[in-house]
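Chain by chain, the residues:
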Amino acid sequence: MKVLGIETSCDETGVAVYDSEHGLLSHKLHSQVEIHADYGGVVPEIASRDHVGKWVTLTKSCVADAGLSLSDLDAVAYTAGPGLAGALFTGAVAGRALAWQLGIKALGVHHMEGHLLAPMLESPAPTFPFICLLVSGGHSQLVRVESIGHYELLGDTLDDAVGEAFDKTAKMLGLGYPGGPALSKAAANGDISKFTFPRPMAKSDDLNFSFSGLKTAAITAFDKTGRDQSAVNDIAAAFELAAVESLAIKCKKALQQHNMKTLVVSGGVAANVRLRALLQQTIESIEGELYFPRLEFCTDNGAMIAYAGAFRLLAGEHSGAEINVRPRWPLSEMAAPRQSG
Ligand code: KG4
Ligand code: ZN
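Keep in mind that this is a model prediction, so the values were computed, not measured.

## Comments concerning the pattern of salt bridges
Within the structure shown, the criterion is met by 16 salt bridges. Of the charged contacts in the structure, one is a salt bridge between Asp50 and Lys54, with a shortest N-O distance of 2.8 Å. Residue Asp50 and its partner Lys54 are both found in helix α2 (residues 44-65); the two are separated by 4 residues, about one turn of the helix. The buried category is assigned to Asp50, whose relative accessible area is 12%. Residue Arg199 pairs with Glu245 through a salt bridge whose shortest N-O separation is 2.9 Å. Placement of Arg199 in the loop between α6 (179-188) and α7 (212-224) and of Glu245 in helix α8 (residues 229-257) is noted, with a sequence separation of 46 residues between them. Residue classification places Glu245 among the partly exposed positions, given a relative accessible area of 26%. Taken together, the salt bridges that share partners define one network made up of Asp160, Glu164, Lys168 and Lys215.

See the structure below:
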């Protein structure tokens, strides 16, 4: 089955063609970073308009790169939530309209299920069951994954998501948008020993996270310095270390509590180099296995939507002709693939 995936939940237009027999055939991404940079963050209305202007061209070149024409597609998968309502709607309308025109099925995909399954596009791919750390701009979750659609939420953030904490801290340090990569770049030039910030929730036995106190600690430290570039770099380094250590501590606890050895990490923050290195050490200490998507599939992309969609479409699922999006959509509401109307 050849599935076109369309991702438009936030500030990236991603399209991809996934073939259930031959794997990923092609993928294209247009990032809106430059458009939103002047505003210091994503402007939802501008994001929606830009998706509308880009998806046709991206789709045409993606399908051509796959060596196919539109009539070769068997189905279309689009992100139906969670995300920005208007941005989601553009992709849902695009996906449904294209599928209607081609006389093929369409399916609304859960964005976080896409992230969770993105490591399946790699070789070797993880095998079930595993613990997944989902870390993005809106989520910091630990999920026990028995198989596709069997998700048990083990831990969640009590306040900010870790990506959100990176973004807000970067903004307050004057590092701009997008905050995660900017803060990480500053951290690479910082002296890690100059500041020490708390590892929130590290001592509690539950698997929840909290990042807003860490963000406040970084800003308070910043207010007390001369606000020069070297102080910014040092604070960024201490913030990044505290954030990734907090994640690693809970990952280890989750694996131990559930007597599991396989950890899968996905979502935009999984692109963080320090997190990847620290989790590698953590996993080696318990002789476990660690899986990440390649860097470009950590952040939003069409390939993960095409893959997640293909799996469910093959199992007989598809959405009705109405166009629905769910800006808020808990992953725990996802059921195992099943036949739908
Ligand atoms: O998965 P994603 O592209 O979009 C959402 O679903 O939210 O994740 C975006 C988030 C942003 O908060 C961004 O700052 C963060 O991932 N991020 C990073 C890095 N690259 C992206 N955070 C830390 N270090 C990075 N290298
Ligand atoms: Zn995402």
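There's more to say after this.
## Quick notes on the site of ligand 1
In the vicinity of ligand 1 lie 18 residues, with His115, Gly137, Asp167, Gly180 and Asn272 positioned nearest. Within the side chain of His111, a nitrogen or oxygen atom sits 3.1 Å from an oxygen atom of ligand 1. Here Gly137 contributes a backbone N or O atom positioned 2.8 Å from an oxygen atom of ligand 1. In the complex, the protein chains occlude 85% of the 560 Å² of accessible area that ligand 1 would expose alone. Mapped by element, the contributors of at least two residues to the shell around ligand 1 are α4 (111-117), α5 (162-172) and α6.

## Details of the coordination of the zinc ion (ligand 2)
Protein coordination at the zinc ion (ligand 2) comes from His111 (NE2), His115 (NE2) and Asp300 (OD), with a distance range of 2.0 to 2.1 Å. Sequence positions of the residues that donate to the zinc ion (ligand 2) give the spacing H-x3-H-x184-D. Here His111 pairs with His115, and both are found in helix α4, just 4 residues apart, close to one helical turn. Both residues of the pair, His111 and His115, belong to the buried class.

## Some words on the state of the cysteines
All chains considered together, the criterion is met by 0 disulfides. Looking at Cys132, it has no disulfide partner, and the nearest cysteine sulfur is the one in Cys251, 9.1 Å off. For Cys132, a relative accessible area of 0% gives the class buried. Here Cys298 is not cross-linked by a disulfide; its sulfur's nearest cysteine counterpart is in Cys132, at 11 Å.

## Side note on the domain arrangement of the chain
Partitioning the chain into domains gives domain 1 (2-116 + 300-333) and domain 2 (126-292). Here the C-alpha centre of domain 2 lies 27 Å away from the C-alpha centre of domain 1. In total, domain 1 and domain 2 occlude about 1,400 Å² of area from one another, counting both sides; carbon and sulfur atoms represent 71% of this. Remark: the boundary between domain 1 and domain 2 carries 0 salt bridges. At the boundary of domain 1 with domain 2, the tally comes to 4 residue pairs in polar contact (both at pLDDT 80 or more).

Conventions used here
- Residues numbered from 1 in each chain as written.
- Chains lettered and ligands numbered in written order.
- Predicted model: local features only at pLDDT ≥ 70, side-chain atom pairs only at ≥ 80, totals over all residues.
- Heavy atoms only, no water.
- Salt bridge = Lys/Arg side-chain N within 4 Å of Asp/Glu carboxyl O.
- Helix = DSSP H or I, 4+ residues; strand = E, 2+ residues; numbered from the N terminus.
- Buried < 20%, exposed > 50% of the residue type's maximum accessible area, 1.4 Å probe, protein only.
- Near = heavy atom within 4 Å.
- Polar contact = N/O pair within 3.5 Å; in protein donor to acceptor, adjacent residues only side chain to side chain.
- Areas by Shrake-Rupley, 256 points an atom, 1.4 Å probe, with all protein chains shown as cover.
- Donors = N, O, S within 2.8 Å, 3.2 Å for Na, K, Ca; no water.
- Disulfide = S-S within 2.5 Å.
- Domains from an automatic or database assignment.
- Buried area = accessible area lost by both parts, 1.4 Å probe.

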